[in-house]
Amino acid sequence: EIGLGMGLTTWILRRWGLNVATLDLDPALEPTCTGDIRAMPFADDSFDTILAAEVLEHLPFDNFAACLNELRRVTRRRVVITLPCALVGLHVGLNLPILEPMFVALGFRQWTRPRFDGQHYWELDRRGYPKRRIRRALREAGFSIVKEFRPGLSLYNYFFVLQK
């Protein structure tokens, strides 16, 4: 896992019995390895799967291709990337005793230009960063897109599952 955040994802993956190595710039987060996604201190084909969740938008978009190339170098098989794709909208749920609960998320794109807020340089589907641009960059880096999706009720996260 690249970019530990609060460590919840790593904790869950390890509880599921997976062997997880972590990489982060911040040694205070106690990653397995301290380092930068742009030049990872790992040999080629080191990992079966790499997860970079909510990481790439913290770097200028000019670094995107280099990060993708580095991810491709270090994985043997697949990479999962999540990007912020903030929608403005609402969640609606219906929970009746005789039916399974049903939930719907309805959102609309924010078609504004991203401004660096001290955290994000860019976000998916903001002006200048449409999904087609991201897909093209993923393919140019040598990945095939196995699946892309927004999970259930999320108005914020967008996933790309990539194959080397």
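Bear in mind the structure is a predicted one, so any value in this text is a computation, not a measurement.

Caption draft 1: Region of the structure containing the pattern of salt bridges. Throughout the structure, instances matching the rule amount to 8 salt bridges. For Asp 45, the salt bridge goes to Lys 164, with nearest N and O atoms at 2.4 Å. In this pair, Asp 45 sits in the loop between strand S2 (33-34) and strand S3 (47-53) while Lys 164 sits in the segment after strand S8 (157-163), placing the two residues 119 residues apart along the sequence. Here Arg 76 and Asp 48 are joined by a salt bridge, their closest N and O atoms 3.0 Å apart. Here Arg 76 is found in strand S4 (residues 75-84), whereas its partner Asp 48 is found in strand S3, with 28 residues between them in sequence. Exposure remark for Arg 76: the relative accessible area of 41% places this residue in the partly exposed category. Overall, Asp 48 belongs to the partly exposed group, its relative accessible area being 36%. Look at the salt bridges and you will find they share partners, linking Asp 44, Glu 70 and Arg 73 into a network.

Caption draft 2: The environment of Pro 114, seen in detail. Considering the arrangement of structural elements, one finds Pro 114 in the loop between strand S6 (102-109) and helix H3 (131-140). Put simply, Pro 114 and Leu 87 are 27 residues apart on the chain and 13 Å apart in space, counted from C-alpha to C-alpha. Among residues more than four places away in sequence, those in contact with Pro 114 are Tyr 121, Trp 122, Glu 123, Arg 126, Arg 127 and Tyr 129.

Caption draft 3: Structural context of the packing of aromatic side chains. For the structure on display, the rule yields 9 aromatic pairs. With a centroid separation of 4.9 Å and 85° between ring planes, the pair formed by Phe 61 and Trp 122 is classed as edge-to-face. Taken as a pair, Phe 61 in the loop between S3 and helix H2 (64-74) and Trp 122 in the loop between S6 and H3 lie far apart in primary sequence, 61 residues in all. The burial state of Phe 61 is the same as that of Trp 122; both residues are buried.

Caption draft 4: A look at the pairing of S8. Of the pairings in the sheet, the one linking S4 to S8 comprises 7 bridges and is antiparallel in character. If you follow Pro 84 over to S8, its bridge partner there is Asn 157.

Caption draft 5: View of the environment of Tyr 121. With respect to the element layout, Tyr 121 can be found in the loop between S6 and H3. When its relative accessible area of 33% is taken as the criterion, Tyr 121 is described as partly exposed. For the pair Tyr 121 and Leu 155, spaced 34 residues apart in the sequence, the C-alpha separation amounts to 19 Å. Filtering out sequence-adjacent residues up to four positions away, Tyr 121 remains in contact with Glu 57, His 58, Leu 59, Pro 60, Pro 114 and Phe 116.

Caption draft 6: The arrangement of H3 in detail. Here H3 has its buried residues at Lys 131, Ile 134, Ala 137 and Leu 138. When H3 is viewed along its axis, its buried side chains cluster within an angular range of 125° and face the same direction. In H3, the exposed residues that point more than 90 degrees away from the buried face are Arg 132, Arg 139 and Glu 140. If you follow the buried residues of H3, they end up packed against H2, S4, strand S7 (144-149) and S8. The positive-phi residue at the C-terminal boundary of H3 is Gly 142, with phi of around 95°.

Caption draft 7: Spotlight on unusual backbone geometry. The backbone phi angle of Asp 45 is positive, close to 55°, even though this residue is not glycine. On the basis of relative accessible area, Asp 45 is assigned to the partly exposed category, the value being 35%. If you check the backbone angles, Glu 54 has positive phi at about 55° while not being a glycine. Inspection of the secondary structure puts Glu 54 in the loop between S3 and H2.

Reading the values: the criteria
- Residues numbered from 1 in each chain as written.
- Predicted model: local features only at pLDDT ≥ 70, side-chain atom pairs only at ≥ 80, totals over all residues.
- Heavy atoms only, no water.
- Salt bridge = Lys/Arg side-chain N within 4 Å of Asp/Glu carboxyl O.
- Helix = DSSP H or I, 4+ residues; strand = E, 2+ residues; numbered from the N terminus.
- Buried < 20%, exposed > 50% of the residue type's maximum accessible area, 1.4 Å probe, protein only.
- Contact = heavy atoms within 4.5 Å.
- Phe/Tyr/Trp six-rings, centres within 6.5 Å; stacked < 30°, edge-to-face > 60°.
- Pairing = 2+ DSSP bridges.
- Arc of directions from axis to C-beta.

Shape is all these values report; function is a separate question.
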